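# Working through the structure, step by step
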Amino acid sequence: MLHIYKSLMDLYDALIIGGSNAGLSAAMVLGRSLRHVLVLDNNQPCNRQTPYSHNFLTRDGETPAAIATIAREQVLCYPTVTLQTDTAMAASAEDSGFRVETAYGKVLHARKLLLATGLKDEMPPISGVADCWGISVLHCPYCHGYEVHGQKLGLLANGNMAAELSGLIHHWSQDLVLFTNGPADLTTEQADSIQARNIQIVETPIAEIEHTSGYLRAVHTTDGSAYPLAAVFARVPFRQHSDLAMQLGCVHTENGLIQATEFGETTVPGVFAAGDNTTLMRQVAVAVANGSKAGVWLNKELMQEGVYSS
Ligand SMILES: Cc1cc2nc3c(=O)[nH]c(=O)nc-3n(C[C@H](O)[C@H](O)[C@H](O)COP(=O)(O)OP(=O)(O)OC[C@H]3O[C@@H](n4cnc5c(N)ncnc54)[C@H](O)[C@@H]3O)c2cc1C
């Protein structure tokens, strides 16, 4: 069915939706594999508010924007790769692969799709949390724990998550307050284990997080108490940044992630997914690795189908 295109150049080997860590990593593999690739991105990576990104070898302590700039520069050195700022709105299968419509009204065609669309974190309705997100309200101790280790820290969580995370965060600071933001939902065993670590449990709801430009000053509870802290760790709910995988019929896990193999194959043939949208292990290094593996597998699949570089 190639005759429906003005030329073969209208049919991309791969359309990558999401041009951040996972998407650009896949684009590099595919560019180096001489594949005709378009990356669509609308510039909303989940870590955009964090001042410094840590734990990615060779780029420890860089700003997310600096890492993205280098990544784009290096990927766009490969002449078969292009990047467009646009939003993919709709995706469906067609005879030669997939059809994608964008917010700017473009209709694109590709043999394979790679969804590297990330996740969207949903801020709890507590004044100050959104402003501090990634700055002093932190998602991951591996990314940001070192910078605040040994200081007075908070943890905003309840239930099993509170039990698990309090043990984890306690590794970086033994001066820890657990805010359950309402009645604690802990088993006796969990509460005992938290208290055995001398972690204070505060059940009174949080009224506000006081901060200066995102840097936390104190957590205020509704009974008028104030807890001056260096940072708070919080595991907030998330959702898929885009519903394209749903539109395409990809199976999702019970956590709301796109179900994918180690090499990024989703349950829909020809549709790959990589990065945060497939894993709870949200780190730049992991997203880059996932993107790279998906790129290799996608190229392999094209070769198995007899599609070689032209
Ligand atoms: C606040 C915060 C701080 C973090 N700090 C660190 C850190 O210090 N170190 C570390 O290793 N990790 C850190 N992480 C985790 C890390 O940022 C992620 O694991 C990583 O960015 C995931 O890369 P990704 O490409 O999968 O998704 P993202 O980086 O989120 O990128 C997804 C991209 O897809 C685009 N997109 C989505 N839908 C569409 C669409 N329909 N059309 C076009 N484009 C679309 C988005 O705009 C975005 O650019 C942090 C995360 C958060 C939330």
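Remember, predicted model here, so these are calculated numbers, not experimental data.

### Concerning the site of the ligand
The environment of the ligand is made up of 41 residues, and the closest members are Gly18, Ser20, Gly118, Gly134 and Gly275. Put simply, the parts of the chain that give the shell around the ligand at least two residues each are α1 (21–32), β2 (37–41), α4 (141–144) and α8 (284–304). Residue composition of the shell around the ligand, grouped by class: 13 nonpolar, 24 polar and four charged. Shared between two domains, the shell around the ligand holds at least three residues of each, these being domain 1 (2–121 + 237–304) and domain 2 (129–234).

### Some remarks on the confidence of the model for the protein chain
Atom-level detail of predicted coordinates should not be read off regions where pLDDT is low. Looking at the protein chain, pLDDT values average 96 and 97% of them are 70 or higher. pLDDT under 50 marks residues 1–6. Its contacts with residues more than four places away, or in other chains, come to eight contacts.

### What to know about the packing of α1 against α8
For the pair α1 and α8, interaxial distance at closest approach is 7 Å and the crossing angle is 40°. Handedness of the crossing formed by α1 with α8: right-handed. Facing Asn21, Ala22, Gly23, Ser25, Ala26, Val29 and Leu30 of α1, the residues of α8 in contact are Val284, Ala287, Val288, Asn290, Gly291, Ser292, Ala294, Gly295, Val296, Leu298 and Asn299. Residues that form the contact of α1 with α8 fall into these classes: 10 nonpolar, eight polar and no charged.

### Concerning helix α5 (residues 159–170)
Helix length check: α5, at 12 residues, gives a terminal C-alpha distance of 17 Å against a target of 16 Å (1.5 Å per residue), a fit within 8%. Restricting attention to buried positions, one finds in α5 the residues Ala162, Ser166 and Ile169. Looking straight down α5, one finds its buried side chains confined to an arc of 75°; they lie on one side. Turning to α5, the residues buried within the fold contact α4, β9 (153–156), β10 (176–179), α6 (188–196) and β15 (231–234).

### Topic: the pairing of β2
In terms of residue burial, β2 counts as a mostly covered element, since five of its five residues are buried. The two faces of β2 match: Val37, Val39 and Asp41 on one face and Leu38 and Leu40 on the other face are all buried. Of the strand pairs in this sheet, strand β1 (residues 11–17) and β2 are connected by four bridges, and their pairing is parallel. Bridge pairing links Ile16 to Val39 in β2. Sheet topology note: the β2/strand β3 (residues 81–85) ladder contains five bridges and is parallel. Bridged to Val39 within β3 is Leu83. In the classification by handedness, the crossover that spans β2, the intervening helix α2 (residues 64–75) and the parallel β3 is right-handed.

### Regarding unusual backbone geometry
Positive phi values are uncommon outside glycine, yet Asn181 reaches one of about 55°. Positioned with a positive phi, Ser213 is a non-glycine residue whose angle comes to about 50°. On the secondary structure map, Ser213 appears in the loop between β12 (206–212) and β13 (215–221). Of the residues examined, Ser213 has 9 C-beta atoms within 10 Å and is grouped as exposed.

### So, the nonpolar core
Membership of the largest hydrophobic core comes to 48 residues, with the highest contact counts inside it found for Leu15, Ile16, Ala26, Ala27, Leu113, Leu114 and Leu115. Considering every element that reaches this core, the biggest residue donor is α8, with eight residues. Apart from the residues lying within four places of it in its own chain, the contact partners of Leu114 are Ala14, Ile16, Gly23, Ala26, Phe272, Ala274, Ala294 and Leu298. Listed in part, the 29 residues of the second largest apolar core include Ile169, Ile209, Leu229 and Ala231.

### Focus: α8
For α8, built from 21 residues, the straight-helix expectation of 30 Å at 1.5 Å per residue is met to within 8% by its first-to-last C-alpha distance of 30 Å. Count one or two residues on from α8 and you reach Gly306, which has phi positive near 80°.

### Points about the sheet that holds strand β14 (residues 226–228)
Across a sheet, strands are paired by hydrogen bonds formed along the backbone, either parallel or antiparallel in direction. Ordered in space as β12-β13-β14, the three strands form an open sheet in which the pairing is antiparallel. If you trace the sheet from one side to the other, it starts and ends with β12 and β14, each paired once. When the angles between neighbouring strand axes are averaged without regard to direction, this sheet yields 20°. Bridge analysis of β12 against β13 gives six bridges, and the strand direction is antiparallel. Each bridged residue has a counterpart across the sheet, and for Ile206 the counterpart in β13 is Thr221.

### Regarding the domain arrangement of the protein chain
For the protein chain, the assigned domains read domain 1 (2–121 + 237–304) and domain 2 (129–234). A straight line from the C-alpha centre of domain 1 to that of domain 2 covers 34 Å. In this complex, domain 1 contributes nine residues to the contact, which on the side of domain 2 involves nine residues. Considered class by class, the residues forming the side of domain 1 that touches domain 2 number one nonpolar, six polar and two charged.

Rules used throughout
- Residues numbered from 1 in each chain as written.
- Predicted model: local features only at pLDDT ≥ 70, side-chain atom pairs only at ≥ 80, totals over all residues.
- Near = placed C-beta within 6 Å.
- Helix = DSSP H or I, 4+ residues; strand = E, 2+ residues; numbered from the N terminus.
- Nonpolar A, V, L, I, M, F, W, Y, C, P; charged D, E, K, R; others polar.
- Domains from an automatic or database assignment.
- pLDDT = per-residue confidence, 0-100.
- Contact = placed C-beta atoms within 7 Å.
- Axes fitted to C-alpha atoms, helices over the stretch in contact; angles between N-to-C directions.
- Left-handed = near helix turned anticlockwise from the far one by under 90°.
- Expected span 1.5 Å × (residues − 1).
- Buried ≥ 20, exposed ≤ 12 C-beta atoms within 10 Å, placed from the backbone.
- Arc of directions from axis to C-beta.
- Pairing = 2+ DSSP bridges.
- Right-handed = clockwise from strand over helix to strand, strands pointing away.
- Core = buried A, V, L, I, M, F, W, Y, C linked by C-beta atoms within 7 Å.

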